[in-house]
Number of protein chains: 2
Amino acid sequence: MSKLEDAIAKMKSSNVRITTQRVAVLEYLLNCEFHPSADEIYKAMNTRFPSISRATIYNNLNILCENGLARELTFGNAPSRFDGNTKDHYHIICNNCGKIADLQYPLLKEIEVFVEQIAEFKVSHHRLDIYGKCVTCYD
Amino acid sequence: MSKLEDAIAKMKSSNVRITTQRVAVLEYLLNCEFHPSADEIYKAMNTRFPSISRATIYNNLNILCENGLARELTFGNAPSRFDGNTKDHYHIICNNCGKIADLQYPLLKEIEVFVEQIAEFKVSHHRLDIYGKCVTCYD
DNA sequence: CTAAATGCAAAAAGTTTGCAAACGT
DNA sequence: ACGTTTGCAAACTTTTTGCATTTAG
C-alpha cells in the first residue's frame, strides 16, 4: 500500500471527502523533497488546475493538518511550511537561506516527563528547531 | 545596578539611542510578568504616551531584539510575543489558553554537537517549546 | 548640527471568510 | 438530494515602509 493510498484510507475513515484538489495537494506533499509554503503548493497545483484558488489550498492544508495527514511548520512572520512527513522529527533551519532539513534524533521524552513533574501541565508534544548556517551558506 | 540600568548601559555601548519611548518599552518588558504581544505593549504604552504609534513599538522591539535586549517568540500566525528575559530558557505553551510559561532546563548542548557532526551545519542556537494543557485548562 | 527616532497613514504579506456554483457521497 | 468543497473577491491581522517633523548626542 503506497503512502498515498494509505493516506486516502485515513481520510475516508475520518470522513474527509476525497476531492481531486485535496488529493493533489496531499500527493504533492507526500512526494515533495522539501518543505513547501502554501504559495509554492499553490503554484505547483496551478499547472495542473489552472483555476485552483489559494483559498482551496489553505482550506485543504488546514483539513489535512487537522486530520494528522500533514504538519504545519511555522516560522515567525515568514510563511508557514508544510510537511507531508507526519512521523515525529525535528528540523534544522539555515539562518541565511532558510533551507529546512529534517533531523532524526531520539525524541526528548525526558523533557516532557520533567515538565509534567515540575509544572502542573499535561504535555501533548514538543517542538525543537536547530538554527545555524548550512554548508552552502558559510564562508 | 538594576536590570534597567544594566540594559541602558548595554544600549549606550551599542550606540542605541536612549529615547523616552524606547526606554519605556524596555522597562515594560523587563518588569512584565507575562509574555506580551506588540499590541499589548502598545496598549500599555498608550496610557503613558497617548500619541505613541504602533510603528514606534515595532521599531523599538526590533531594535531591542537586534541588540540582545529582548527576544521575540514567534507562534505561527498568532502575533509574536516578546520576552525581556534574554537568558537562555525554553517555553511551555498551553494549547487551550495560549499561556506561555518559562521553563528552566539544562541547555541541550548535546543535540547541537550531534547536528554539527552528522550534518555539515554550523549551529547558532536552538529553540524548544513544550505544548500541552495548563492546570486551569484541563478538566 | 546631523543622523536617528517618532507618529501618521498607507502598504504589504499571509491567511481567512462569505457566498454562489459545482461536486462527492 | 444533501451537505461539503470550490473559486472568487473581499476582509482581516500583523508587521513594515515612506515621509515630514521632532529629538538625542
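In the annotation of an unreviewed UniProt entry, the entry for chain A reads Transcriptional repressor, and the organism field reads Oceanobacillus zhaokaii.

It is worth spelling out the protein's contact with DNA strand C at this point. Looking at DNA strand C, there are 20 residues lining it, with Ile 18 and Tyr 58 of chain A together with Thr 19, Gln 21 and Ser 51 of chain B nearest. Contact between DNA strand C and Ser 51 of chain B: a phosphate oxygen at 3.0 Å from a main-chain N or O atom of the residue. Those elements that provide at least two residues to the surface near DNA strand C are helix H4 (54–66) and strand S2 (78–83) of chain A together with helix H2 (20–31) and helix H4 (54–66) of chain B. With 4 residues, the single largest contributor to the surface near DNA strand C is H4 of chain B. Considered class by class, the residues forming the surface near DNA strand C number 6 nonpolar, 11 polar and 3 charged.

Glancing now at the protein's contact with DNA strand D. The local shell around DNA strand D holds 20 residues, among which Arg 17, Thr 19, Gln 21 and Ser 51 of chain A together with Tyr 58 of chain B are the closest. In DNA strand D, atoms within 4 Å of the protein come 77% from sugar and phosphate. With respect to DNA strand D, the side chain of Arg 17 of chain A contributes an N or O atom lying 2.5 Å from a base nitrogen. Between DNA strand D and Asn 60 of chain A there is a distance of 3.3 Å, counted from a phosphate oxygen to a side-chain nitrogen or oxygen.

All names here are of chain A. Segmenting chain A into domains produces domain 1 (3–83) and domain 2 (90–138). Taking the mean C-alpha position of each, domain 1 and domain 2 sit 23 Å from one another. Every contact between the two is made by 6 residues of domain 1 and, on the other side, 7 residues of domain 2. Overall, the association of domain 1 and domain 2 removes approximately 510 Å² of surface from exposure, summing both partners, and the carbon and sulfur fraction of that is 58%. Among the residues of domain 1 in contact with domain 2, His 35, Leu 73 and Phe 75 are the three that bury the most area, contributing 75% of the side total. Between domain 1 and domain 2 we count 0 salt bridges in total. At the boundary of domain 1 with domain 2, the tally comes to 3 residue pairs in polar contact (both at pLDDT 80 or more). At the level of secondary structure, the elements contributing two or more residues to the side of domain 1 that touches domain 2 comprise strand S1 (71–75) and S2. Take the side of domain 1 that touches domain 2: its biggest share by element is 3 residues, from S1. Residues of the side of domain 1 that touches domain 2, tallied by class, amount to 2 nonpolar, 2 polar and 2 charged.

Even without a glycine there, the phi angle at Asn 15 of chain A is positive, about 55°. Residue classification places Asn 15 of chain A among the exposed residues on the basis of a relative accessible area of 72%.

Right, let's talk about the relation of the copies chain A and chain B for a bit. Between chain A and chain B, which share one sequence, the superposing operator has a rotation angle of 179° and an axial displacement of 0.0 Å; the RMSD is 0.1 Å. Expressed as an axis order, the relation between the two copies is that of a two-fold axis. Within chain A, Leu 128 of chain A has its C-alpha nearest the rotation axis, a separation of 2.2 Å. Comparing interface residues between copies, 100% of those in chain A also sit at the interface in chain B, which points to an isologous, same-surface contact.

Across the sheet, 6 strands lie side by side as S4(A)-S3(A)-S5(A)-S5(B)-S3(B)-S4(B); this open sheet has mixed pairing. Since the sheet does not close on itself, it has two edges, and those belong to strand S4 (100–103) of chain A together with strand S4 (100–103) of chain B, each with one partner. Averaged over all pairs of adjacent strands, the angle between strand axes in this sheet comes to 30°, irrespective of strand direction. In this structure, strand S3 (residues 90–94) of chain A lies alongside S4 of chain A, joined through 4 bridges in antiparallel fashion. In the sheet register, Ile 93 of chain A faces S4 of chain A, and the bridge partner there is Ile 100 of chain A. Together, strand S5 (121–134) of chain A together with strand S3 (90–94), S4 and strand S5 (121–134) of chain B form the strand contacts of helix H5 (residues 109–118) of chain A, whose direction differs from that of S5 of chain A by roughly 135°. Across the sheet, helix H5 (residues 109–118) of chain B lies against S3, S4 and S5 of chain A together with S5 of chain B, angled at about 135° from S5 of chain B, the strand it touches most.

On to the environment of Glu 33 of chain B. All names here are of chain B. Relative to the assigned elements, Glu 33 resides in the loop between H2 and helix H3 (38–48). Given a relative accessible area of 68%, Glu 33 falls into the exposed group. Between the C-alpha atoms of Glu 33 and Asp 83, which are 50 residues apart in sequence, the distance is 9.6 Å.

Cut-off values and rules
- Residues numbered from 1 in each chain as written.
- Chains lettered and ligands numbered in written order.
- Predicted model: local features only at pLDDT ≥ 70, side-chain atom pairs only at ≥ 80, totals over all residues.
- Heavy atoms only, no water.
- Near = heavy atom within 4 Å.
- Polar contact = N/O pair within 3.5 Å; in protein donor to acceptor, adjacent residues only side chain to side chain.
- Helix = DSSP H or I, 4+ residues; strand = E, 2+ residues; numbered from the N terminus.
- Nonpolar A, V, L, I, M, F, W, Y, C, P; charged D, E, K, R; others polar.
- Domains from an automatic or database assignment.
- Contact = heavy atoms within 4.5 Å.
- Buried area = accessible area lost by both parts, 1.4 Å probe.
- Salt bridge = Lys/Arg side-chain N within 4 Å of Asp/Glu carboxyl O.
- Buried < 20%, exposed > 50% of the residue type's maximum accessible area, 1.4 Å probe, protein only.
- Least-squares fit on C-alpha atoms with pLDDT ≥ 70 in both.
- Pairing = 2+ DSSP bridges.
- Axes fitted to C-alpha atoms, helices over the stretch in contact; angles between N-to-C directions.

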